[in-house]
Amino acid sequence: MQEVRETTAMKPPVTRIGVLGWVRTNLFSSVFNSFLTVVIIYFLWKIVPGLIRWAFIDSSWTTTGAECRAAGGACWSVVTKNLRFIIFGFFPYEWQWRPLLAMIILFTLLIVSRNRSYWKKWLGYSWLIGLFVMGLLLRGGLFGLPPVESTKWSGLPLTLLLSVFGLTAAYPLGVLLALGRQSRMPAIKSLSVVYIETIRGVPLISLLFMSSVMFPLFLPEGITINNILRAQVAIIMFTAAYIAEVVRGGLQAISRGQYEAAESLGLNYPQKMRLIILPQALKIVIPPSVGILISAFKDTSLVVIIGLFDLLKTTQSTLSDPRWMGFSVEAYIFIALIYFTGCFSMSSYSRRLERELYRGN
Amino acid sequence: MSNELPKNNAASSPGDPIVEIIEMHKWFDDFHVLKNINLTVHKGERIIICGPSGSGKSTLIRCINRLEEHQRGRIIVDGIELTNDLKNIEKIREEVGMVFQHFNLFPHLTILENLTLGPVWVRKTPKAEAEETAMFFLEKVHIADQARKYPGQLSGGQQQRVAIARSLCMKPKVMLFDEPTSALDPEMIKEVLDVMIDLAKEGMTMLVVSHEMGFAKSAAHRVLFMDDGEILEENTPVDFFENPQHERTKLFLSQILH
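Scope of this entry: the structure provided in the associated data block. Bear in mind that the values here come from a model prediction, so they are computed numbers and not experimental data.

Parameters at a glance
- Residues numbered from 1 in each chain as written.
- Chains lettered and ligands numbered in written order.
- Predicted model: local features only at pLDDT ≥ 70, side-chain atom pairs only at ≥ 80, totals over all residues.
- Heavy atoms only, no water.
- Contact = heavy atoms within 4.5 Å.
- Buried area = accessible area lost by both parts, 1.4 Å probe.
- Salt bridge = Lys/Arg side-chain N within 4 Å of Asp/Glu carboxyl O.
- Polar contact = N/O pair within 3.5 Å; in protein donor to acceptor, adjacent residues only side chain to side chain.
- Helix = DSSP H or I, 4+ residues; strand = E, 2+ residues; numbered from the N terminus.
- Nonpolar A, V, L, I, M, F, W, Y, C, P; charged D, E, K, R; others polar.
- Pairing = 2+ DSSP bridges.
- Axes fitted to C-alpha atoms, helices over the stretch in contact; angles between N-to-C directions.
- 1 Å grid on protein atoms, 1.4 Å probe; cavity = no way out; pocket = protein on both sides within 12 Å on 5 of 7 lines; lining within 4 Å.
- Points joined across faces, edges and corners; volume = space filled by probe spheres on them.
- Buried < 20%, exposed > 50% of the residue type's maximum accessible area, 1.4 Å probe, protein only.
- Parallel < 35°, antiparallel > 145°, perpendicular 65-115°, else oblique.
- Left-handed = near helix turned anticlockwise from the far one by under 90°.

Concerning the interface of chain B and chain A
Reasoning step 1: In this complex, chain B contributes 24 residues to the contact, which on the side of chain A involves 20 residues.
Reasoning step 2: Both sides together, the interface formed by chain B and chain A hides about 2,000 Å², and carbon and sulfur atoms give 61% of it.
Reasoning step 3: Across the pair Glu260(A) and Arg62(B) runs a salt bridge whose closest N-O atoms are separated by 2.5 Å.
Reasoning step 4: The interface formed by chain B and chain A holds 7 residue pairs in polar contact (both at pLDDT 80 or more) in total.
Reasoning step 5: Counting only elements with at least two residues in the side of chain B that touches chain A, the list comes to α3 (86-95), β6 (96-99) and α4 (111-121) of chain B.
Reasoning step 6: Along the lines of polarity and charge, the residues of the side of chain B that touches chain A split into 13 nonpolar, 5 polar and 6 charged.

Some thoughts on the environment of Thr80(A)
Residues and elements named next belong to chain A.
Reasoning step 1: Looking at the element boundaries, threonine 80 is found in helix α4 (residues 77-88).
Reasoning step 2: Taking the C-alpha atoms as reference points, threonine 80 and tryptophan 61, 19 residues apart in sequence, are found 6.9 Å from one another.
Reasoning step 3: Ignoring any residue separated from it by four or fewer positions in sequence, one finds threonine 80 in contact with Trp61 and Thr62.

Concerning the sheet that holds strand β5 (residues 80-81) of chain B
Residues and elements named next belong to chain B.
Reasoning step 1: One open sheet accounts for 4 strands, arranged β2-β1-β4-β5; its pairing is antiparallel. The outermost strands of the open sheet, each flanked by one partner alone, are β2 (31-42) and β5.
Reasoning step 2: Both strand β1 (residues 17-28) and β2 contribute to a ladder of 8 bridges, which runs antiparallel. Across the sheet, the residue bridging to valine 19 is valine 41, located in β2.
Reasoning step 3: Its contacts with the sheet put helix α2 (residues 57-64) on β1, β2 and β4 (72-77), and the angle it makes with β1 is roughly 120°.

Notes on the layout of surface pockets
Reasoning step 1: Space inside the second largest pocket adds up to approximately 1,100 Å³.
Reasoning step 2: Lining the second largest pocket are 33 residues, and of these Arg184(A), Glu263(A), Tyr269(A), Lys272(A) and Leu86(B) lie nearest its centre.
Reasoning step 3: Breaking the lining of the second largest pocket down by element, the ones donating at least two residues are α7 (156-182), α8 (186-200), α10 (227-253), α11 (256-264) and α12 (269-284) of chain A together with α3 of chain B.

Some points on the pattern of salt bridges
Residue and element names in this part refer to chain A.
Reasoning step 1: Under the criterion given, the structure shown has 27 salt bridges over all chains.
Reasoning step 2: One salt bridge connects glutamate 245 with arginine 181, and the closest N-O pair in it is separated by 2.9 Å. Of this pair, glutamate 245 sits in helix α10 while arginine 181 sits in helix α7, and the two are 64 residues apart along the sequence.
Reasoning step 3: Using a relative accessible area of 15% as the deciding quantity, one classes arginine 181 as buried.
Reasoning step 4: If you follow the salt bridges from partner to partner, you end up with Arg181, Glu197, Arg200, Glu245 and Arg248 in one network.

Topic: the packing of helix α9 (residues 204-218) of chain A against α10(A)
All names here are of chain A.
Reasoning step 1: In contact at an axis separation of 9 Å, α9 and α10 are set at 140° when each is read in the N-to-C sense. When the axes of α9 and α10 are compared, the pair comes out oblique. For the element pair α9 and α10, the recorded crossing hand is right-handed. The residues of α10 that touch α9, namely those facing Leu204, Leu207, Leu208, Ser211, Ser212, Phe215 and Pro216, are Asn227, Arg230, Ala231, Ala234 and Phe238.
Reasoning step 2: For the contact of α9 with α10, the residue count by class is 8 nonpolar, 3 polar and 1 charged.

Topic: the packing of helix α5 (residues 97-113) of chain A against α7(A)
Residue and element names in this part refer to chain A.
Reasoning step 1: Direction vectors running N to C along α5 and α7 enclose 35°, while the axes themselves pass 10 Å from each other. Viewed along their axes, α5 and α7 form a crossing whose handedness is left-handed. Along the contact surface, α5 presents Pro99, Met103, Leu106 and Phe107, while α7 presents Leu156, Pro157, Leu160 and Val164.
Reasoning step 2: Grouping the constituent residues of the contact of α5 with α7 by class yields 8 nonpolar, no polar and no charged.

Quick notes on empty space enclosed by the protein
Reasoning step 1: Considering all chains together, one arrives at 4 cavities of 30 Å³ or more under this definition.
Reasoning step 2: Estimates place the volume of the largest cavity at around 50 Å³.
Reasoning step 3: Along the walls of the largest cavity sit Lys140(B), Val141(B), Leu168(B), Val195(B), Asp198(B), Leu199(B) and Glu202(B), which together make up its complete lining.
Reasoning step 4: Tallying contributions element by element places helix α7 (residues 186-201) of chain B first for the lining of the largest cavity, with 3 residues.
Reasoning step 5: Across the lining of the largest cavity, the residue classes break down as 4 nonpolar, no polar and 3 charged.
Reasoning step 6: The calculated volume of the second largest cavity comes to roughly 40 Å³.
Reasoning step 7: The wall of the second largest cavity is formed by Ala261(A), Ser264(A), Leu265(A), Met98(B), Phe100(B), Arg166(B) and Ser167(B).
Reasoning step 8: Residue assignment for the lining of the second largest cavity shows that the elements contributing at least two residues are α11 of chain A together with α6 (156-168) of chain B.

Pasting the structure below:
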């Protein structure tokens, strides 16, 4: 069938598309914007070449501290030469492959868990086995691995331990607290309110102090609880209170009609919450909860004040070595990159989740 | 009228009572919303409840599945009295379907999942069987091709038909409709009413809060008129519209019929 089309598809004007169009609409759309563009280009011109020269051209990568001082550029040697101490801290040198392997297992599990279609039983079992193996690798004492005291756990493995378990335990606890705060049972409700308001009214530092200094005073003679565990509990309790308030906001955003529809089908309270209300409420609060998780991740570095050697503390110790004094910028840039990688992955994953859970409403 | 339904079966030989409301009162704080309600609904009976806004008609049917609690009198549904006993409430809700003004579909679940949720979790029906039932009722409300979509992708009329199918999947003994067409665009009202008329033809027991006079005339056995928390008039649809007894009924009809 031959049919002559009268109109052909028209292309937009050249000034609206392509590189030229992009430059026009984004950089020079008005006098003020053109002015800003010029100013910013000027500053970039002033800063970027110097930065590149410092970080790459004049930099030293595998030298000693003294050679670094002579070279004048960035001294990345402070990181490369002390990498194993910064990452693994006081973990016995010859056994440092153990925390390394534990971290590889952790990252593998985290990366696999990103895909929601894998959220099946086998992934749960993999996590259980993974946790057991990771614990075994760190503690030792079985299968011919010599035991390593938890006081020697430090650096990145400690930071990951505190944050990954802190966050995964705090989230469900926070959800329970949010539900408790909405409960019609006065005892549960007031307990949740008191907990949330008390914890939120106290800085994390004081909670950490209390858990490490005050808490042991209440324990019977001879019983000691691991310092790391106490810090872990403090972080969980603290983060859970914040999660609870965010989740409560999400619960309030769900219309009365959703509750009524669930109830009129005959669903009981746990079914109603688990199947209808929480999936919607938690989806709404993805952005603020991830905000809390990100800040909790960074807050784990506060455990330095109770004497735990996390990533930040091992870095500081490296810098107090006279041979490497004065290269704090390089060392801090390095751990900043590590923290950034963690935070950015959480942030980008949360955006991916939001996209995947979008249901056209 | 072409789709006039045989009504005499229930009128002449009423089935067993399925809902009994005896001297029931309800207050919202100090406000007396329902005053001395007495109503018996027989199996297979279809009752329209109308009245001005704020008259308590929605509250009345919401008391039947305990979305609202009554403070005095008794409500007995399918032989079970509504008390604070949660188990009884859940049992009654299994048998009483409800369709809301704003559909209240679950937006995070597909249409099919919306329909199978109740049967699977409450009735413990195997998933495959529940899906088969769901597809049967989706066919019935002419919307089977949308089963894999989410509620947000459907029009209002389609959503309300899904909501009706969702209730039907629980195989309820009574269906409550709380203004099922008042949130719909005019061109979608008919598709929902048609589904309701089909249901009526099959003998479903229905309590409908609505001002749809066409539906009342073609499908209802009785029309109740409520005002100010009381049932003021109870009549057959024909008499109700053509020969209203109460002054306030006359005033109300003159306002809605123009």
